[in-house]
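Coordinates in review
Given next are the chains, with one letter for each unit.
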Amino acid sequence: MTRKIVHIDMDAFYASVELRENPQLRGLPVVVAWDSIRSVVVAASYEARKYGLRSAMSVRRARELCPHAIYIAPNFMLYREVSRQVRSIFQQYTDRIEPLSLDEAYLDVTTNHKNIASATEVARRIREDIFLQTSLTASAGVAPNKFLAKIASDWNKPNGMCVIPPSKVQLFLQDLPLEKIPGVGRVTLAKFHRLQMKTVGDLRQRSEWELSYHFGRYGRRLYELARGIDLREVDGNQESQQVSTETTFDRDLPFAQLSAPLDAIAQKLWDQLLRKRKFGRTVTLKLKTASFRIVTRSQTYSNPLYSLDDVRQAAAMLLDRIELEKRSMLYRLIGLGVSTFAEVAEDELQMSLL
Ligand SMILES: [Mg+2]
């Protein structure tokens, strides 16, 4: 049976909430960030984006690009409240909701509480409900799977919607630039270009073997995505979710040289956690030996990890728990993940971020 998946993404969420609260700022470049030279942009209004401002950019850089931007300190208590309000709208339609962050979620509406046959109609009504109840706009993607729904929600942003019916999937993918595939970053994109691939259509020309040769296990996934295949279910169970990152080395490394790459992925993982505003209590370290054996260690703490230092320390302690006999091996990959997410008291969080 074909699934009907909707991906809902609030438009410039934190900045839009601030503009709603401060209507006199409409039309001005507004940046949500702690106004300190050491902090980063949490969100930028569409007006601010015209100057090249982006979330996760340093405030120092943002000030260079747009000196007259208006800074507003984040009010996560409020954003979380609005997020709950939006969540309860989703719940009127389906129980299969997988939030990706405060402002983004996948919904499986194949069957839904209102017995609406058309997923497009469900998405339209949800966007309307969101606007009526919060005065905020959301964009929606409607597609037979998560991969396509996520690309679609970005297609007509802001305040837009894009529907990819099953019969249009191949046509949609044909000329889609490869950087639109969620998860494809600068490095993978450069590799695609070196291999003379620019669009998903180009990707589809390559054999599964060739993609596996160039991209390892990710190659098999690319082979499927190129054909619009993504069997992942909408996971409504928060407990099972994990935010993780991993890196495969250019050449296998001895155990003694793993600290530096571990530190680097701890930083990367922390950036992701911060962006998603997810703070978990369980940390998992994954290593893969040169002979493809997987070694994992994990630890659950009583409190969520609130800072980069917490994540770094937990990671180092897990590395320390690798037995002596495994320390003589060579490793090809290192990964780090956080799970068991908690509702975080915002004041506690803000204290630890400052
Ligand atoms: Mg958003």
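Small disclaimer: the values here were computed from a predicted structure and weren't measured.

**Remarks on the coordination of the magnesium ion**
- At the metal site, the magnesium ion is ligated by Asp9 (OD), Met10 (O) and Asp103 (OD), and these contacts range over 2.1 to 2.4 Å.
- Here the donor residues for the magnesium ion map to a single chain with the spacing D-M-x92-D. The two residues Asp9 and Met10 agree in class, both being buried.

**Thoughts on the pattern of salt bridges**
- Following the criterion strictly, the structure yields 22 salt bridges and no others.
- Residue Lys157 is joined to Asp9 by a salt bridge in which the shortest nitrogen-to-oxygen separation is 3.9 Å. Here Lys157 is found in the loop between α6 (146-155) and β8 (161-163), whereas its partner Asp9 is found in strand β1 (residues 5-10), with 148 residues between them in sequence.
- A relative accessible area of 13% means that Asp9 is categorised as buried.
- Residue Arg61 is joined to Glu64 by a salt bridge in which the shortest nitrogen-to-oxygen separation is 2.9 Å. Highlighted residues: Arg61 and Glu64, both in helix α3 (residues 59-65), separated by 3 residues, approximately one helical turn.
- Residues joined in a network through salt bridges with shared partners are Glu121, Arg124, Arg125 and Glu128.

**So, empty space enclosed by the protein**
- What the rule picks out here adds up to 1 cavity of 30 Å³ or more.
- Taken as a whole, the largest cavity holds about 50 Å³ of empty space.
- In terms of lining, the largest cavity is formed by Ile8, Met10, Ser83, Val86, Arg87, Phe90, Pro99, Ser101, Leu102, Asp103, Glu104 and Ala105.
- Elements represented by at least two residues in the lining of the largest cavity include exactly β1, α4 (76-91), β5 (97-101) and β6 (104-108).
- It is α4 that contributes the most residues to the lining of the largest cavity, 4 residues altogether.
- Of the residues assigned to the lining of the largest cavity, the class counts are 7 nonpolar, 2 polar and 3 charged.

**Describing the side chain of Arg204**
- You can see Arg204 is positioned in helix α9 (residues 200-204).
- A distance of 2.3 Å separates a polar atom in the side chain of Arg204 from a polar atom in the side chain of Gln170.
- Apart from the residues within four sequence positions on either side, Arg204 is in contact with Gln170, Gln174, Ala226 and Arg227.

**Some words on the sheet that holds strand β11 (residues 294-300)**
- Across the sheet, which stays open at both edges, the 4 strands sit in the order β9-β12-β10-β11 with antiparallel pairing between neighbours. The open sheet has two free edges, formed respectively by β9 (242-254) and β11, since each of these has just one partner strand. Each neighbouring strand pair of the sheet contributes to a mean axis angle of 15°, computed without reference to strand direction.
- Two strands pair when backbone bridges link them, and strand β10 (residues 280-289) and β11 are joined in this way by 7 bridges, in the antiparallel orientation. Across the sheet, Leu287 pairs through a bridge with Val295, a residue of β11.
- Contacts between helix α12 (residues 259-276) and the sheet are confined to β9, β10 and β12 (330-341), with β9 contributing the most and set at about 160° to the helix.

**Overview of the domain arrangement of the protein**
- Partitioning the protein into structural domains gives domain 1 (170-226) and domain 2 (238-353).
- Just the C-alpha atoms count here: the centres of domain 1 and domain 2 sit 27 Å apart.

**Details of the pairing of β12**
- Most of β12 is tucked away, with 9 of its 12 residues classed as buried.
- Strand direction decides the pairing type here: β9 and β12, joined by 9 bridges, are antiparallel. Residue pairing across strands places Thr247 opposite Ile334, the latter belonging to β12.

About the cut-offs
Residues numbered from 1 in each chain as written. Predicted model: local features only at pLDDT ≥ 70, side-chain atom pairs only at ≥ 80, totals over all residues. Heavy atoms only, no water. Donors = N, O, S within 2.8 Å, 3.2 Å for Na, K, Ca; no water. Buried < 20%, exposed > 50% of the residue type's maximum accessible area, 1.4 Å probe, protein only. Salt bridge = Lys/Arg side-chain N within 4 Å of Asp/Glu carboxyl O. Helix = DSSP H or I, 4+ residues; strand = E, 2+ residues; numbered from the N terminus. 1 Å grid on protein atoms, 1.4 Å probe; cavity = no way out; pocket = protein on both sides within 12 Å on 5 of 7 lines; lining within 4 Å. Points joined across faces, edges and corners; volume = space filled by probe spheres on them. Nonpolar A, V, L, I, M, F, W, Y, C, P; charged D, E, K, R; others polar. Polar contact = N/O pair within 3.5 Å; in protein donor to acceptor, adjacent residues only side chain to side chain. Contact = heavy atoms within 4.5 Å. Pairing = 2+ DSSP bridges. Axes fitted to C-alpha atoms, helices over the stretch in contact; angles between N-to-C directions. Domains from an automatic or database assignment.

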